[in-house]
Structure formats: structure tokens, C-alpha cells
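Residue-level structure breakdown
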Amino acid sequence: QVQLVESGGGLVQAGGSLRLSCAASGRTFSSYGMGWFRQAPGKEREFVAAISWSDRSTDYADFVKGRFTISRDNAKNTVYLQMNSLKAEDTAVYYCAAATTAWPIKRRGDDYDYWGQGTQVTVSS
């Protein structure tokens, strides 16, 4: 069983930055593929970014390329999402997720096995 706890959300002005963290329990964190998803009010959950277990491969949704960076620190059992140049349309609840089948990198939420409770990100325009 893996528990994921997100933190770092909050209110920020457009153009600002936030860094989300997702702390994972469990000794096998380094073998999991990790992803970030988001869900805005009235919208479906969507893929944001993912990273392989080795930190050597990443994938991003087109709408965050060049603005968001996913990274992980396996020694700390933590995955991060650095969000720069935030826009009002980035407002959503952000979730981290873990996939026990770590490769290939996954974009579908159904391919992830564990989910955090989410952290709210609100970007004011």
C-alpha cells in the first residue's frame, strides 16, 4: 500500500510560481512511475506531467510545456511539480499519482494505482 500526500498549493497571482510536493510512503517508491493530474470545477481530470522511476524520462501535457517541471527525489520519497508563469486557467485541484507498472510513462489516470487527496491551486488574474 502506498500513501501519497500533496502539499504546496495555494493562491497566487497570474505570472507567479508555486511548487507542489507529493510525499509517498513505502519502501518501493523509487520503482514507481509518478504523475500529476488536475481537475478544475466542472471539468474532467486531465494529465499534467509524469516522470519515470529513474528520473530520466518525463512527459508533459502541451498546455504546460515550458512552464511546469516535474522532478523526483527518490531518497526523500517525494515528487515535485514546479509551476511557473501560472495562468488563471491553471486553477484546479492537483493530484499526484503512482503507477506500480513504471514503464512506459503513462498519461491515462486509469493506469495509476494510488492517488493523493489533492491540493488546491488558485491563480488570480
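Parameters at a glance
Residues numbered from 1 in each chain as written. Predicted model: local features only at pLDDT ≥ 70, side-chain atom pairs only at ≥ 80, totals over all residues. Heavy atoms only, no water. Phe/Tyr/Trp six-rings, centres within 6.5 Å; stacked < 30°, edge-to-face > 60°. Helix = DSSP H or I, 4+ residues; strand = E, 2+ residues; numbered from the N terminus. Buried < 20%, exposed > 50% of the residue type's maximum accessible area, 1.4 Å probe, protein only. Lys NZ or Arg CZ within 6 Å of the ring centre and 35° of its normal. Salt bridge = Lys/Arg side-chain N within 4 Å of Asp/Glu carboxyl O. Pairing = 2+ DSSP bridges. Axes fitted to C-alpha atoms, helices over the stretch in contact; angles between N-to-C directions.

Looking now at the packing of aromatic side chains. All told, the structure shown has 5 aromatic pairs when counted by the stated rule. Relative to Y114, the ring of Y32 has its centre 6.5 Å away and its plane inclined at 35 degrees; by these criteria the two rings are tilted. Of the two residues, Y32 is situated in the loop between strand 3 (18-24) and strand 4 (33-39) and Y114 in strand 10 (residues 114-115); the sequence distance between them amounts to 82 residues. Just as Y32 is buried, Y114 falls in that class too. Three or more aromatic residues link up through ring pairs in this structure, and these residues are F37, F47, Y112 and W115. Lying across the ring of F37, R45 places its NZ or CZ 5.8 Å from the centre. The ring of F29 carries the charged tip of R72 above its face, separated from the ring centre by 4.6 Å.

Scanning all chains against the criterion turns up 6 salt bridges. Here D90 and R38 are joined by a salt bridge, their closest N and O atoms 2.9 Å apart. With D90 in the loop between strand 8 (78-83) and strand 9 (92-99) and R38 in strand 4, this pair connects stretches of sequence that are 52 residues apart. The pair formed by D90 and R38 is uniform in burial state, with each residue classed as buried. Close ionic contact of R107 with D59 constitutes a salt bridge, the shortest N to O distance being 2.6 Å. Residue R107 is located in the loop between strand 9 and strand 10, and its partner D59 is located in strand 6 (residues 58-60); the two are separated by 48 residues in the primary sequence. Residue class for R107 comes out partly exposed when judged on its relative accessible area of 41%. One salt-bridge network, in which partners are shared between bridges, spans R38, E46, R67 and D90.

The next subject is the sheet that holds strand 7 (residues 68-73). Strand order across the open sheet formed by 4 strands is 1-3-8-7, with antiparallel pairing between neighbours. Lying at the two open borders of the sheet, with one neighbouring strand each, are strand 1 (4-7) and strand 7. Pairs of neighbouring strands in the sheet enclose a mean axial angle of 15 degrees, with direction left out of account. Across 6 bridges, the pairing between strand 7 and strand 8 is antiparallel. Within strand 8, the residue paired with F68 across the bridge is M83.

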